[in-house]
Amino acid sequence: MSDKIVEKNIVDEMSNSFLDYSMSVIISRALPDVRDGLKPVHRRILFAMNDLGNYADKPYKKSARIVGDVIGKYHPHGDTSVYSAMVRMAQEFSYRNPLVDGHGNFGSLDGDGAAAMRYTEARMSKLAMELLKDIQKNTVDFIDNYDASEKEPKVLPSRFPNLLVNGSSGIAVGMATNIPPHNLGEVIDAIIAYLINKDISIDDIMMHIKGPDFPLGGEILGVSGIEKAYKTGNGTIKVRGKYKVFEEKNGKSTIIFSEIPFQVNKASIVEKIAENVKTHKIEGITALRDESDRDGIRIVIELSRAVSSDVVINKLFKYTQLETNFSANMLALVDGKPEVLNIKQFIEQYVKHQEEIITRRTQFDLDRAAKRAHILAGLKIALDNIDEIIKIIKASPTDSDAITELSSKYHFSEIQAKSILEMKLKKLTGLEREKIDEELQELEILIKELQLILGSIEKIHEIIKEQLLEIKMKYGEPRRSIILDKYVENDIDYEKLIEEEEVIITITEEGYIKRLKSNTYKIQNRGGKGLKGMNVNDEDGISNIIYTSTHSDLLFFTKTGKVFKCRAHHIPEYSRTAKGIPLQNLIDIEAEDYISNIISLRNIEETDYLFFVTKKG
């Protein structure tokens, strides 16, 4: 037994094993190939559908049938992970141009999952079929599947630039990718511009690819983040929902959001708005409804008369996911190695892939045409000497003897001699002989054309252009995401949207704080009874009161010697009789601590000083 025990250093063993594992995750699971933009699971799903004849113009097949083929033949993992990947490929809010045409419940923007795979059906989308076009023409290499019982493609021919069009996201070991989706037509225009001028700059590419084009549309704020992502491979792109404000006759406003940022759950946005209304972070909203349906998104927010719609909109962007950052990390596999690429390098790699695909396809067509021409040349000679050929065949005891005799007398190759033996009698008619002559002439012209293509990179580039323009004509769509290129980061001064007004801030002994407009209390004439200022508990009372402006900073001094700073308009406004909110919701004051004094910095200059001492000096 001892001779079977191998001693190893545990540190080295862990290091090597983890390295093997991480490389497996990087190459075989989490990162897309730069050529077809697919991870192995997505590639296997499409290839399995192609195998099944599950084409866009054929009837749908049960999702369970497709998933079964994928895990049985190519992807030995859980059926849930394969089905989840297929579901995403069918979701119009996940893919800019879906690769799977789903029939049934494939999930929703509210985070609802798809129905079980036994209920749903699917087939390839028309665009997905362009990824597999010419795969049978030796355009890509095939490798053994996990048990060497089947062959699967290492990459798909990918007649359109799928990685830039649909983007990709994935977390590997020690690295992650997050490539945004783009507009198909814009990407094709950029590739054609690159084919015309290989020295094109990224700035010139950006004349064609304006920026990401998200499935749900939305507004992209500024081009600085896009430019950084395209030039360095990393950048933060700010995206916000698209809205319209409707002014009602009664003076109230209604905000309707028709688009939301990419990869954001719609239901969670509505929940977050409601939560912010409840905690008084966003004030002035009187009604909130999600009226979205199959025709599109519609989040309705009704406002009170007293509130500015601009203020509410900015608070919505500040406190909810109606405005998010898309962190672009343009990482993909290049020759099996992970690399961060700029936008031009993505185009270069795609063009390089297409050059190889067209070269291999042309060579395949040339070999097939040359083989057919060779056979026809033999048939032509045979027809010209048909009586002698028939005599040789009749006199030969076996097929192999006939082949040997024909090859010896007429210098036929083995393949020509076999074709003559298999020739049908109808080929002897005049019409059939003419057809052979015509076909041979056509093949000779085709062979010359194919040889010219193989000898000229310019002709290969012309074919790439023609193919891409055909794809653009068939599947091109207008841009969905609007780019506000004149937007400057932080150009909206949130403070300016808050109306400056005189206010009274009150704090109770139990630590409740609120803001009131100064005109809440009117001057009382002689004999007036006064107004009730606040509903408080019997043991509670007002401890601090200060008169200031909504634009002023307030300093809160506590009994333990701490000081907190807060803008007056951040304190929620309440009615005259309301208690307010606990101070802990506003500043990080400890439960046993309390406010001993408030100072307004309203008329204090930055050069002024504050001086304070403790009770004991």
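Residues numbered from 1 in each chain as written. Predicted model: local features only at pLDDT ≥ 70, side-chain atom pairs only at ≥ 80, totals over all residues. Heavy atoms only, no water.

The next subject is the packing of aromatic side chains. Going through the model one piece at a time under the given rule, you end up with nine aromatic pairs. Pairing Phe257 with Phe317 gives two aromatic rings, centres 6.0 Å apart and planes at 90°, and the pair type is edge-to-face. One end of the pair, Phe257, is in strand β11 (residues 253–259); the other, Phe317, is in helix α11 (residues 309–319), and 60 residues separate them in sequence. Take Phe257 and Phe317: they sit in the same class, and that class is buried. By the ring-pair criterion, three or more aromatic residues cluster together here, those being Phe47, Tyr74 and Phe142. The lysine or arginine in question, Arg123, covers the ring of Tyr60, its NZ or CZ lying 4.1 Å from the ring centre. Against the face of Phe317 rests Arg240, its NZ or CZ located 3.9 Å from the ring centre. (Phe/Tyr/Trp six-rings, centres within 6.5 Å; stacked < 30°, edge-to-face > 60°. Helix = DSSP H or I, 4+ residues; strand = E, 2+ residues; numbered from the N terminus. Buried < 20%, exposed > 50% of the residue type's maximum accessible area, 1.4 Å probe, protein only. Lys NZ or Arg CZ within 6 Å of the ring centre and 35° of its normal.)

Attention now moves to the sheet that holds strand β10 (residues 242–247). Hydrogen bonds between backbone atoms are what pair the strands of a sheet, whose relative direction is either parallel or antiparallel. With respect to topology, four strands assemble into an open sheet ordered β10-β11-β13-β12, the strand pairing being antiparallel. Looking at which strands have only one partner, the edges of the open sheet turn out to be β10 and β12 (285–290). The sheet shows a mean angle of 15° between the axes of neighbouring strands, taken without regard to direction. On the sheet, α11 packs against β10, β11, β12 and β13 (299–303) and is oriented at approximately 35° with respect to β11. (Pairing = 2+ DSSP bridges. Axes fitted to C-alpha atoms, helices over the stretch in contact; angles between N-to-C directions. Contact = heavy atoms within 4.5 Å.)

Judged by how many residues are buried, strand β21 (residues 553–558) sits mostly within the fold: six of six residues are covered. Of the two faces of β21, the one carrying Asp553, Leu555 and Phe557 and the one carrying Leu554, Phe556 and Thr558 are both buried. Summarising the sheet, β21 and strand β22 (residues 563–567) pair through five bridges and their orientation is antiparallel. Opposite Asp553, over in β22, you have Arg567 as the bridge partner. Relative to strand β24 (residues 595–600), β21 runs antiparallel, the two sharing five bridges. The partner of Phe557 across the bridge, within β24, is Asn597.

Let us look at the sheet that holds β24. Strand order in the open sheet formed by three strands is β22-β21-β24, and the pairing between neighbours is antiparallel. Of all strands in the sheet, those bounded by a partner on one side alone are β22 and β24. Pairwise comparison of adjacent strand axes, ignoring direction, gives a mean angle of 25° for this sheet.

Burial in helix α13 (residues 386–395) covers these residues: Ile386, Ile389 and Ile392. Along the axis of α13, the buried positions cluster into a sector of 125°, meaning they face one direction only. Seen from the buried face of α13, the exposed residues on the opposite side, beyond 90 degrees, are Asp387, Lys391, Lys394 and Ala395. (Arc of directions from axis to C-beta.)

Relative to the elements of secondary structure, Thr236 occurs in strand β9 (residues 234–240). Judged by relative accessible area, which is 44%, Thr236 ranks as partly exposed. Considering only alpha carbons, one finds Thr236 and Gly476, 240 residues apart in sequence, at a separation of 27 Å. Setting aside anything within four residues of it in sequence, one finds Thr236 in contact with Gly225, Asn325, Phe326 and Ser327.

Turn by turn, an α-helix covers 3.6 residues, leaving residues three or four places apart pointing in a common direction. Spanning 12 residues, helix α4 (residues 79–90) covers 17 Å between terminal C-alpha atoms, matching the ideal 16 Å at 1.5 Å per step. For α4, the set of buried residues is Val82, Tyr83, Ala85, Met86, Val87, Met89 and Ala90. (Expected span 1.5 Å × (residues − 1).)

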